[in-house]
Amino acid sequence: MGKIYYMMGKSSSGKDTLYKEVLKALPKLKTLVLYTTRPIREGEQEGIEYHFVTDEELERFEKAGKIIEERTYDTVYGAWKYATIEDGQINLAAYDYLVIGTLESYAGMKKCYGAENLVPIYIEVEDGERLSRALSRERQQEQPKYEEMCRRFLADQKDFSEENLEEAGIVRRYYNDDKVQCLEKIIGEIQNGKF
Ligand SMILES: Nc1ncnc2c1ncn2[C@@H]1O[C@H](COP(=O)(O)OP(=O)(O)OP(=O)(O)O)[C@@H](O)[C@H]1O
Ligand SMILES: Nc1nc2c(ncn2[C@@H]2O[C@H](COP(=O)(O)O)[C@@H](O)[C@H]2O)c(=O)[nH]1
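Residues numbered from 1 in each chain as written. Chains lettered and ligands numbered in written order. Predicted model: local features only at pLDDT ≥ 70, side-chain atom pairs only at ≥ 80, totals over all residues.

You'll find the protein chain entered in an unreviewed UniProt entry as Guanylate kinase, with Dorea hominis given as the organism. In its Sequence similarities (unreviewed entry) section, the UniProt entry covering the protein chain states "Belongs to the guanylate kinase family." On record in UniProt, under Catalytic activity (unreviewed entry), the comment for the protein chain is "GMP + ATP = GDP + ADP". (UniProt positions renumbered as here; feature names shortened; annotations may be inferred.)

Okay, structure coming up:
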């Protein structure tokens, strides 16, 4: 039976960066494309970062009983929904998967696929450093969204509280102060099946 390696962490902890590198190093890992109603950003492609859908399309999945988990965030631009859909992407009998999500989506995946098949990979960075990385990243955008960046920073403090981490059963942490070392640890542990 395959495993779903589930990457989580606060905003700007480096999930996307590490995810891409892990996939390069371990190309046999499959990915899972989540769904969102948020507007597509410059440089993003339908079916790569997400399936970009409307509220109505998500409702249709809901009516068909296809929603594994769904979250709504009240961003400074309105309510954005994110969801994992049972759309035939996962075949645990044949493959291992690498997925990025949140604590909430991790809980939904555990319920659907069984805790024994989910491996949490929780990425952590000291808050000051993380905020500094978030600001540098935002400054590079053509239209920086500082207000949304601050909202995410504050929301994450609650969403990823120690209490919530404990409740989700997150014990192991991967510190991304040094990218190379962090990657070595993640890749090594996936390769050795050390979970
Ligand atoms: N070890 C590292 N050292 C320095 N900078 C890093 C490191 N890892 C990632 N970064 C940088 O930090 C920024 C945030 O990383 P990334 O976009 O991967 O975070 P994320 O967790 O996916 O964020 P979000 O959830 O907001 O999408 C990026 O500019 C990235 O290049
Ligand atoms: N825990 C929280 N997660 C959030 C919030 N807003 C968005 N998100 C999650 O972040 C990732 C990346 O989002 P993206 O729009 O940059 O692709 C995604 O998994 C969202 O679910 C929040 O307020 N709290």
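So, about the pairing of strand S1 (residues 4–9). Counting buried residues along S1, six of its six residues qualify, which places the element largely inside the surrounding structure. Burial along S1 is two-sided: the residues Ile4, Tyr6 and Met8 and Tyr5, Met7 and Gly9 are all buried. In this sheet, strand S7 (residues 97–100) lies alongside S1 in parallel orientation, the contact comprising four bridges. Across the sheet, residue Tyr6 finds its bridge partner in S7, namely Val99. Bridge count for S1 against strand S8 (residues 118–124) is six bridges, and the pairing is parallel. Residue pairing for S8: Tyr5 is matched across the bridge by Val119. (Buried ≥ 20, exposed ≤ 12 C-beta atoms within 10 Å, placed from the backbone. Helix = DSSP H or I, 4+ residues; strand = E, 2+ residues; numbered from the N terminus. Pairing = 2+ DSSP bridges.)

Our focus in this paragraph is the site of ligand 1. The local shell around ligand 1 holds 13 residues, among which Ser11, Gly14, Asp16, Thr17 and Lys179 are the closest. Listing elements by their share of the shell around ligand 1, those giving two or more residues are helix H1 (15–25) and helix H4 (127–139). The leading source of residues in the shell around ligand 1 is H1, at three residues. Residue composition of the shell around ligand 1, by class: no nonpolar, seven polar and six charged. (Near = placed C-beta within 6 Å. Nonpolar A, V, L, I, M, F, W, Y, C, P; charged D, E, K, R; others polar.)

Now for the sheet that holds strand S5 (residues 67–75). Taken in spatial order, the four strands make up an open sheet running S4-S3-S6-S5, and their pairing is mixed. Since the sheet does not close on itself, it has two edges, and those belong to strand S4 (51–52) and S5, each with one partner. Where S5 and strand S6 (residues 78–85) come together, eight bridges link them in antiparallel fashion. If you follow Asp74 over to S6, its bridge partner there is Ala79. Those strands touched by helix H2 (residues 55–63) are strand S3 (35–36), S5 and S6, and its axis lies near 40 degrees from that of S6. (Contact = placed C-beta atoms within 7 Å. Axes fitted to C-alpha atoms, helices over the stretch in contact; angles between N-to-C directions.)

Structurally, the position occupied by Phe153 is in helix H5 (residues 146–159). On the basis of neighbour count, Phe153 is assigned to the partly exposed category, with 17 C-beta atoms found within 10 Å. With 23 residues separating them along the chain, Phe153 and Arg130 place their C-alpha atoms 9.2 Å apart. Filtering out sequence-adjacent residues up to four positions away, Phe153 remains in contact with Ser11, Leu131 and Ala134.

On the secondary structure map, Ser11 appears in the loop between S1 and H1. Taking C-alpha positions, Ser11 is 10 Å from Cys150, a pair spaced 139 residues apart along the chain. Once residues lying within four places of it in the same chain are set aside, the contact partners of Ser11 are Ala134, Arg152, Phe153 and Asp156.

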